[in-house]
Amino acid sequence: MTTVGQVRGRERRVADAVSAHIVRTGRMPAAVELAEVVGVAAGAAGCALLVAGERHGWGRAEGPWAEFPVEYDGETQGVVVITPVSVGSLAEVARALGPVVAAIRAGIDTDRLRRDGDAAARRLVDDRWRAAAEMERERRGLERDLHDGAQHHLVALQMSLALAAHVEGTPVTDLLDRLDAAERVLLDTASGVLPVALVTDGLGAALSDELSGHADVTLDVAGLRHRYPPSIESTVFFLCLEAVNNAHKHAPGARITVTAGEQPRGVAFTVTDTGPGFDTTAPNAGLHNLSARAAAVGGTVEVRSTPGQGTTVSGFVPW
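Residues numbered from 1 in each chain as written. Predicted model: local features only at pLDDT ≥ 70, side-chain atom pairs only at ≥ 80, totals over all residues. Heavy atoms only, no water.

With that settled, consider the overall build of the protein. Each helix and strand in the protein was counted, giving ten helices and nine strands. The burial tally for the protein puts 41% of its 319 residues in the buried class. Looking at the protein alone, contacts between residues at least 24 apart form 64% of all its contacts between residues at least 6 apart. (Helix = DSSP H or I, 4+ residues; strand = E, 2+ residues; numbered from the N terminus. Buried < 20%, exposed > 50% of the residue type's maximum accessible area, 1.4 Å probe, protein only. Contact = heavy atoms within 4.5 Å.)

The structure is reproduced here in structure tokens:
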């Protein structure tokens, strides 16, 4: 028969053991640690802590079990179950464990919320990429594609016609070829078809195919060593073309350098010109188009320019 003195002695040992554990480790115990400390100090065969819908046990899971609710701040935080100890022998200790079990419960709830948040973030990223891929297959991006792709050829044609107006001997066949190229791009884009080189050979080949005819453009795509998801390749492709197109319109005669390469987390590119530069704080529809296209797939674009010192457009599109 267990006497009152034995019960109180056991409660004292359990309370002292919990306090000593906290002092020794310098932190609140984890749920399974608390179950072990209580069980060992009480001389039990098994002990468990039921908290936040989870069971954290130590020792043998054999009954009969005695249950002791743990309360704190007017609310039940968990339950200590122990075997084989007579009912009531740890009631006072259970009440004293209130702050400890409340801290354990808060930690479990926080971890659960963090996991749920991480899972929700992953689902959001997956949904965003699926939406971006679907957008590439539909015609909702038609206006931007016309602006970034076909206009690139039309601006080049405009420059050639302007040159023809001042320089004799400009071959008409070259102008007609440029006009045919612009017409093909318009038809392809209106049909929702990406450039053949981009679909079949990838981003590097497509940029080379589009920009090789411009004597003022230097292209470096050696860093593009693989094929990438269609949404990445098409986004970087049109971003580079629009940046080159902007340079042709606003910095005629400037040297333009286009660089694109693979990084551990995605594809990066820069388009630099030696033109007159501009004030980046002024409203600019071209900059808005660049940012909007990149943002559609989680990418970013930065434009650095100072009057008289040229312009650099840099961007990054993540996997």
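Text resumes after the structure shown.
Taken as a whole and assessed by the stated rule, the structure comprises seven salt bridges. The closest approach of N and O atoms between aspartate 109 and arginine 105, which form a salt bridge, is 3.9 Å. Highlighted residues: aspartate 109 and arginine 105, both in helix 4 (residues 98-137), separated by four residues, approximately one helical turn. For aspartate 109, a relative accessible area of 29% translates into the label partly exposed. The exposure class of arginine 105 is partly exposed, given its relative accessible area of 22%. Here arginine 304 makes a salt bridge to glutamate 302, at a shortest N to O gap of 3.6 Å. Sharing partners across several salt bridges, the network here consists of Glu75, Arg105 and Asp109. (Salt bridge = Lys/Arg side-chain N within 4 Å of Asp/Glu carboxyl O.)

So, about the sheet that holds strand 1 (residues 46-51). Read across the sheet, four strands follow the order 2-1-4-3 without closing on themselves; strand pairing throughout is antiparallel. At either end of the open sheet lies a strand with only one pairing partner, and these are strand 2 (54-59) and strand 3 (66-72). Strand-to-strand twist across the sheet, computed as the mean angle between neighbouring axes with direction ignored, equals 20°. Summarising the sheet, strand 1 and strand 2 pair through six bridges and their orientation is antiparallel. Bridging across to strand 2, alanine 48 finds its partner in glycine 57. Relative to strand 2, helix 2 (residues 31-42) is tilted by about 40°, and along the sheet it contacts strand 1, strand 2 and strand 4 (75-83). (Pairing = 2+ DSSP bridges. Axes fitted to C-alpha atoms, helices over the stretch in contact; angles between N-to-C directions.)

Attention now moves to helix 2. Taking 1.5 Å of rise per residue, the twelve residues of helix 2 would be expected to cover 16 Å, and the 17 Å separating its terminal C-alpha atoms lies within 8% of that figure. Listed as buried for helix 2 are Ala31, Leu34, Ala35, Val37, Val38, Gly39, Ala41 and Ala42. (Expected span 1.5 Å × (residues − 1).)

Attention shifts here to the environment of glycine 223. On the secondary structure map, glycine 223 appears in strand 5 (residues 217-223). The spacing of glycine 223 and alanine 268 is 45 residues in sequence and 9.5 Å in space, taken between C-alpha atoms. Those residues within four positions of glycine 223 in sequence are excluded, and the remaining contacts are Tyr228, Ala260, Gly261 and Glu262.

Below, the discussion takes up unusual backbone geometry. Glycine aside, residues mostly have negative phi angles, and peptide bonds mostly take the trans form. Of note in this structure, alanine 52 is not a glycine but carries a positive phi near 55°. Looking at where alanine 52 falls in the secondary structure, it is placed in the loop between strand 1 and strand 2. Even without being a glycine, aspartate 73 presents a positive backbone phi close to 55°. Here aspartate 73 is to be found in the loop between strand 3 and strand 4. Owing to a relative accessible area of 73%, aspartate 73 belongs among the exposed residues under this scheme.

Secondary-structure assignment places histidine 56 in strand 2. Classification of histidine 56 by relative accessible area gives buried; the value is 18%. At a separation of 3.3 Å, a polar atom in the side chain of histidine 56 contacts the side chain of glutamate 54. Those residues within four positions of histidine 56 in sequence are excluded, and the remaining contacts are Ala31, Val32, Ala35, Cys47, Ala48, Leu49, Val51 and Ile108. (Polar contact = N/O pair within 3.5 Å; in protein donor to acceptor, adjacent residues only side chain to side chain.)

With 74% of its residues at a pLDDT of 70 or more, the protein has an overall mean of 79. Note that residues 1-7 has pLDDT below 50 and, in this model, five contacts with residues that lie over four places away or in other chains. (pLDDT = per-residue confidence, 0-100.)

Extensive coverage of strand 1 is indicated by the burial of five of its six residues. Joining the antiparallel neighbours strand 1 and strand 2 is a turn of two residues, in which alanine 52 adopts a positive phi near 55°. Direction of pairing for strand 1 relative to strand 4: antiparallel, over a ladder of five bridges. The partner of cysteine 47 across the bridge, within strand 4, is isoleucine 82.

Take threonine 235: it is sitting in helix 9 (residues 230-250). Between the alpha carbons of threonine 235 and valine 297 there is a distance of 8.0 Å; along the sequence they are 62 residues apart. Reaching out from threonine 235, the side chain makes a polar contact with the backbone oxygen of serine 231 at a distance of 2.6 Å.

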